[in-house]
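Descriptive analysis of the structure
Chain residues, written in single-letter form:
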Amino acid sequence: MFGLTIEQLGFIVRGAGWTIVLSLLGFVGGTLVGLPIALARSSNNRWLPRLSAAFVQLVQGIPLPVIMFVVYFGISIGGFDIPALVAAGIAMTLYSSAYLGEIWKGSIQAIPSTQWEASECLALTPVQGFVYVILPQAVRVAIPPTVGFLVQIVKNTSYSVVIGFTDLTYAAKVINNATFRPFLVFTIAAGIYFVICYPMSLLSRKFERSLKRS
Amino acid sequence: MSYDFDFSFLRDYDSDLVYGVWLTLAMTVAAIVPGFALGTTCAISALYGPAWLRRLSTAYVEGIRNTPLVIQVFWLFFGLSVLNIHVSATTAAITALVVNVGAYTAEIMRAGFETIPKGQTEAAACLAMTRTQQIWNIQLPQAVERMYPALVSQFVLMMLATSIMSQISAPELTGVGYQIQSFTFRGFEVYIVIAIIYLALASVLRLLLFGVATALFPRRRRLKTPL
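All of the points below concern the structure found in this document. Not measured: the values here are computed from a predicted model.

With that settled, consider the overall build of chain A. When helices and strands are counted, chain A shows 8 helices and 0 strands. Taken from N to C terminus, the helices and strands of chain A fall in the order α-α-α-α-α-α-α-α. For chain A, the spread of C-alpha atoms along the three principal axes comes to 70 × 45 × 25 Å. Going through the 214 residues of chain A one by one, you find that 41% of them count as buried. Contacts in chain A between residues at least 24 apart in sequence constitute 75% of all its contacts with a sequence separation of at least 6.

Spelled out as structure tokens, the structure:
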């Protein structure tokens, strides 16, 4: 089929499966770390906003491939022999938590401060006010950019190729080395990425439009 | 855990690191200028061009924005070699970066053009400006000014993205790091140093681009409105 054997196509599709696994790892990990970061960024504490801002600046100023390498080599000097998936997963978590933290901080701060004051007038504690008043509104603001960032996560898992993780990009590279048909192989790979990413891009835009209308 | 950190490679490979930094910056600058021109052209044709041109630029922007840079680079670099066109890895890398950053710039500039009030073009039309003059003299400067912060972030992201070009053996900073690591087996230390260099480069580039802004937008300086 397409001048590739079924096995070769299967290898690429399996790579696509690993790309999705790594994307999910990155998103789940990024949510678990990014949410506390967003809260720390918008807290009234003296040190928490600065510390979390420093973390975000640090991660956003280093290329993802370099983060992958640092994690990969950093864990191996600790004497642990771990699969590339774990190193790539940790790197993706660090990367997406910084960006998601920024996105969600913006969403929390986009809620007018009168909402905070109103919830205080209703004798809600700050935690109650956040959970029942601010959060439901902030989530609405956060959904379009979060879905948009999912596209970035899926695309950026391709950087795990530097530490030899067998994702879609790596699989395509291997098949290209074997068949030497770059246009065919990389067009198929690009097509698979596009099929995963484009619906999310459209969805993000749709959410954004419906948010603007309301 | 006992591990002795060894940063002696800094002394032995300092000239390689300097070369890597130079190539990273050179690729960035070489890609920003044509990339910006390409993106702006696409934004203008997507907004004001004939239908076929609109569809073409939308297809380009969506195609590039929804596929990874690594795949684009591989497609171009390995593809060219099959066609018996032999270009250096650096040339292929810069070409791919131009195409990539062009698509992102197009999206930013399109948003920029859309935020300019209609009154501006109407006023320009009253002054008997042609459509081209309106776009070039009235809309473009304002769109660039409004979108400048977004453009700066995009260009910094692109500088960081050059790190993937070591995959097609362009000897930029990350590629140099990989070579040093394979000679010294000090992967962790090497990439810590590389990471610090990138952090510094990102700050320098951001400062530099905002320095350019004060020269570019004198009105902002007079009004003291920050970008």
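This paragraph deals with the nonpolar core. Nonpolar side chains in soluble globular proteins tend to be buried together. In terms of nonpolar packing, the biggest core is built from 114 residues, with Ile-67, Met-68 and Ala-91 of chain A together with Val-73 of chain B touching the most fellow members. For this core, the element with the highest residue contribution is helix H5 (residues 89-115) of chain B, accounting for 14 residues. Once you skip the residues sitting within four places of it in the chain, Met-68 of chain A turns out to touch Ala-87, Ala-88, Ala-91, Tyr-159, Ser-160, Val-162 and Ile-163 of chain A.

This brings us to the interface of chain A and chain B. Taken residue by residue, the interface counts 34 residues in chain A and 30 residues in chain B. Of all elements in the fold, only helix H3 (64-77), helix H6 (126-156), helix H7 (168-179) and helix H8 (182-213) of chain A reach the threshold of two or more residues within the side of chain A that touches chain B. Of the residues forming the side of chain A that touches chain B, the biggest block, 11 residues, is contributed by H8 of chain A. Classifying every residue of the side of chain A that touches chain B by side-chain character gives 23 nonpolar, 9 polar and 2 charged.

Residue and element names in this part refer to chain B. Examined against the element boundaries, Ala-124 turns out to sit in helix H6 (residues 118-126). In this structure, the C-alpha to C-alpha distance between Ala-124 and Leu-160, residues 36 residues apart in sequence, is 40 Å. Sequence-distant contacts of Ala-124, defined by excluding residues within four places in its chain, comprise Met-129, Gln-134 and Ile-138.

Parameters and conventions
Residues numbered from 1 in each chain as written. Chains lettered and ligands numbered in written order. Predicted model: local features only at pLDDT ≥ 70, side-chain atom pairs only at ≥ 80, totals over all residues. Helix = DSSP H or I, 4+ residues; strand = E, 2+ residues; numbered from the N terminus. Buried ≥ 20, exposed ≤ 12 C-beta atoms within 10 Å, placed from the backbone. Contact = placed C-beta atoms within 7 Å. Core = buried A, V, L, I, M, F, W, Y, C linked by C-beta atoms within 7 Å. Nonpolar A, V, L, I, M, F, W, Y, C, P; charged D, E, K, R; others polar.

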